[in-house]
Amino acid sequence: MNERMEQIKQEILKGIEESATSRATAFELRKKFLDSKTGEISGLMKEMRNIAPEERADFGKKVNELKEWAMNVFTELDEKMKEKELKARYESEKIDVTMPAKEFESGNLHPITQMRNQLIDVFGSMGFEIYEGTEIENDYYNFTALNIPKDHPARDMQDTFFLSPEFLLRTQTSSGQIHVMENKKPPIKILSPGKVFRSDDDATHSPMFTQMEGLVVDEKITLCDLKGMLDVFVQKIYGENTTTRLRPSYFPFTEPSVEVDVSCFECGGKGCKLCKGTGWIEILGAGVVNKKVLENCGIDSEKYSGLAFGIGIERTAMLKYGINNIKLLFESDVKVLKQISDN
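Here the structure is a predicted model, which is why all the values come from computation and not from measurement.

(A) Representation of the overall build of the chain. Along its length, the chain carries 12 helices and nine strands. Over its C-alpha trace the chain gives a radius of gyration of 41 Å, far above what one expects of a compact globule, namely 20 Å for 343 residues. Across its three principal axes, the chain shows a C-alpha extent of roughly 125 × 50 × 35 Å. Buried positions account for 42% of the 343 residues belonging to the chain. For the chain, the proportion of contacts with a sequence separation of at least 24, taken over those separated by at least 6, is 66%. Both charge centroids of the chain, one from 46 positive and one from 56 negative side chains, sit 3 Å from each other.

Here is the structure:
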């Protein structure tokens, strides 16, 4: 038995030298010798019945000494392995502060998001509140309440995506002004941004685009108020030397109606490729809210008047950032988008 104990010691030392390369392998080696059920040292105690009675006390003492020695050896080994692994981890995670820093490209907000935020900042500073309607509308809010009854010729101006005889994808955010006027008494001053949908597709048009409707309803609102607001808008977006002009037009929900041009910010009004030699660029449609629209919403058209304007955010962004094809705004080409930023 004494020879077996010495043999176990040598096996432990040899095992540590040859195979204990980590805390995991050291644990497996420890388990081989010290496990309470299957360990080889624990197995020695099972031989007690084969020892002469007078020698059992001495045998038990030697087994316990072997067990204590082995526990100390494995505890010391575990500490060494722990320190070794911690050192290796520190080495792998060590940062060389003298190395050049990695360069990370910063992203930009999408041009449409940038322009939307800019417009909200401009008109928000004038006291406008934000109203976001639903992209699915019924016929009444998208057409009828805006003075476009069934069989009205103006319906042909907009190629509409109908979902059913009653519901459709909104063709304009103007429908939002009806919801607001039905539920809020004047004074009213709101912006209604969002996606709109028309069956139209070429270099400057998309079946889905972003519009921002502006509406003001109060006493004694005139076209002069409209021009003053729009002058501030174009100066903030295109530069302080730009101005607007109003040209007569037709929209069913405004009377009088106007097309709004901005003085060319590229050539200063002298005439260039961007403005096609005219010195002016068409940017949006607007007008004084038609009395019938006010009355449809239960607003006294003798006491109150209003103005409305609709801004195409894609068009505004294309003009500002020199984008000549609207599809570039929907393809999400990072090489294109990262060039467009006001930051």
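From this point on, the discussion continues.
(B) Representation of the layout of surface pockets. In this model, the largest pocket occupies a volume close to 1,400 Å³. As for the largest pocket, its lining consists of 48 residues, of which His205, Glu282, Ile283, Gly312 and Arg315 are closest to the centre. Of all the secondary structure elements, the ones that give two or more residues to the lining of the largest pocket are strand S5 (208-218), strand S7 (254-263), strand S8 (280-289), strand S9 (305-312) and helix H10 (313-321). Among the elements that line the lining of the largest pocket, the one with the most residues is S8, at eight residues. Within the lining of the largest pocket, the residues separate by chemical class into 22 nonpolar, 16 polar and 10 charged.

(C) Spotlight on the side chain of Ser305. In this fold, Ser305 is placed in strand S9. Polar contacts involving the side chain of Ser305 include one to the main-chain amide nitrogen of Ile221, which spans 2.9 Å. Every residue in contact with Ser305, bar those within four places of it in the chain, is listed here: Val216, Val217, Asp218, Lys220, Ile221 and Leu294.

(D) Representation of a negative patch on the surface in the model. Residues Asp156, Asp159, Asp200 and Asp202 make up a contiguous surface patch of negative charge. Along the chain, Asp202 falls in the loop between strand S4 (188-197) and S5.

(E) The pattern of salt bridges, seen in detail. Overall, the coordinates contain 13 salt bridges when judged by the stated rule. Across the salt bridge formed by Glu76 and Lys80, the nearest N and O atoms sit 3.6 Å from each other. With a gap of four residues between them, Glu76 and Lys80 both fall in helix H4 (residues 56-93), about one helical turn apart. Between Asp261 and Arg245 there is a salt bridge; the shortest N-O distance is 2.9 Å. Highlighted residues: Asp261 in strand S7 and Arg245 in strand S6 (residues 244-251), separated in sequence by 16 residues. Classification of Arg245 by relative accessible area gives partly exposed; the value is 32%.

(F) Just helix H2 (residues 23-34), in detail. Its 12 residues give H2 an end-to-end C-alpha distance of 16 Å, which sits within 8% of 16 Å, the value for a rise of 1.5 Å per residue. For H2, the full list of buried residues reads Ala26, Leu29, Phe33 and Leu34. Considered in projection along H2, the buried side chains sweep an arc of 110 degrees and stay on one side of the axis. Where H2 is buried, its residues touch helix H1 (2-19), helix H3 (40-45) and H4.

(G) Broad picture of helix H8 (residues 223-238). Look at H8: 22 Å from first C-alpha to last across 16 residues, which is about the 22 Å you get at 1.5 Å a residue. When we look at burial in H8, the residues that qualify are Leu226, Met229, Leu230, Asp231, Phe233, Val234, Ile237 and Tyr238. Phi turns positive one or two residues past the end of H8, at Gly239, with a value near 120 degrees.

(H) Spatial organisation of the nonpolar core. Residues Leu119, Phe123, Phe128, Phe233, Ile283, Leu284 and Phe309 are the most contacted members of the largest nonpolar core, which totals 41 residues. Counting residues per element, the ones that place at least two in this core are helix H5 (111-124), S5, H8, S7, S8, S9 and H10. In terms of residues, this core owes the most to one element, H8, which gives seven residues. Residue contacts for Phe309: discarding those within four places in its chain leaves Phe123, Phe128, Leu191, Met212, Glu213, Gly214, Leu226, Leu230, Leu284, Gly285 and Ala286. Counting 22 residues, the second-largest nonpolar core is a separate cluster that includes Leu146, Ile188, Ile190 and Cys297.

(I) Looking closely at the sheet that holds S6. An order of S1-S4-S5-S9-S8-S7-S6 is seen for the seven strands of this open sheet, with the pairing classed as mixed. Taken across any chain shown, the strands that pair with only one partner, and hence form the sheet edges, are strand S1 (129-130) and S6. Where S4 lies against S5, 10 bridges are found, and the strand directions are antiparallel. Counterpart to Val196 in the pairing with S5 is Phe209.

(J) Quick peek at the pairing of S8. Burial of S8 is extensive: eight of the 10 residues sit out of reach of the surface. With five bridges joining them, S8 and S9 adopt antiparallel strand pairing. Bridging across to S9, Ala286 finds its partner in Phe309.

(K) Spotlight on the pairing of S7. With respect to burial, S7 is a largely interior element, eight of its 10 residues being buried. Strand direction decides the pairing type here: S6 and S7, joined by seven bridges, are antiparallel. By the bridge assignment for S7, Pro248 is matched with Val258. In this structure, the hairpin formed by S6 and S7 is closed by a connection of two residues. Both S7 and S8 contribute to a ladder of eight bridges, which runs antiparallel.

Rules used throughout
- Residues numbered from 1 in each chain as written.
- Predicted model: local features only at pLDDT ≥ 70, side-chain atom pairs only at ≥ 80, totals over all residues.
- Heavy atoms only, no water.
- Helix = DSSP H or I, 4+ residues; strand = E, 2+ residues; numbered from the N terminus.
- Rg over C-alpha atoms; globule rule 2.2 N^0.38 Å.
- Buried < 20%, exposed > 50% of the residue type's maximum accessible area, 1.4 Å probe, protein only.
- Contact = heavy atoms within 4.5 Å.
- Lys, Arg positive; Asp, Glu negative; His and termini not counted.
- Charge placed at Lys NZ, Arg CZ, Asp CG, Glu CD.
- 1 Å grid on protein atoms, 1.4 Å probe; cavity = no way out; pocket = protein on both sides within 12 Å on 5 of 7 lines; lining within 4 Å.
- Points joined across faces, edges and corners; volume = space filled by probe spheres on them.
- Nonpolar A, V, L, I, M, F, W, Y, C, P; charged D, E, K, R; others polar.
- Polar contact = N/O pair within 3.5 Å; in protein donor to acceptor, adjacent residues only side chain to side chain.
- Patch = residues over 30% accessible without salt bridge, like charges linked within 9 Å, V, L, I, M, F, W, Y side chains within 5 Å.
- Areas by Shrake-Rupley, 256 points an atom, 1.4 Å probe, with all protein chains shown as cover.
- Salt bridge = Lys/Arg side-chain N within 4 Å of Asp/Glu carboxyl O.
- Expected span 1.5 Å × (residues − 1).
- Arc of directions from axis to C-beta.
- Core = buried A, V, L, I, M, F, W, Y, C linked by side-chain atoms within 4.5 Å.
- Pairing = 2+ DSSP bridges.

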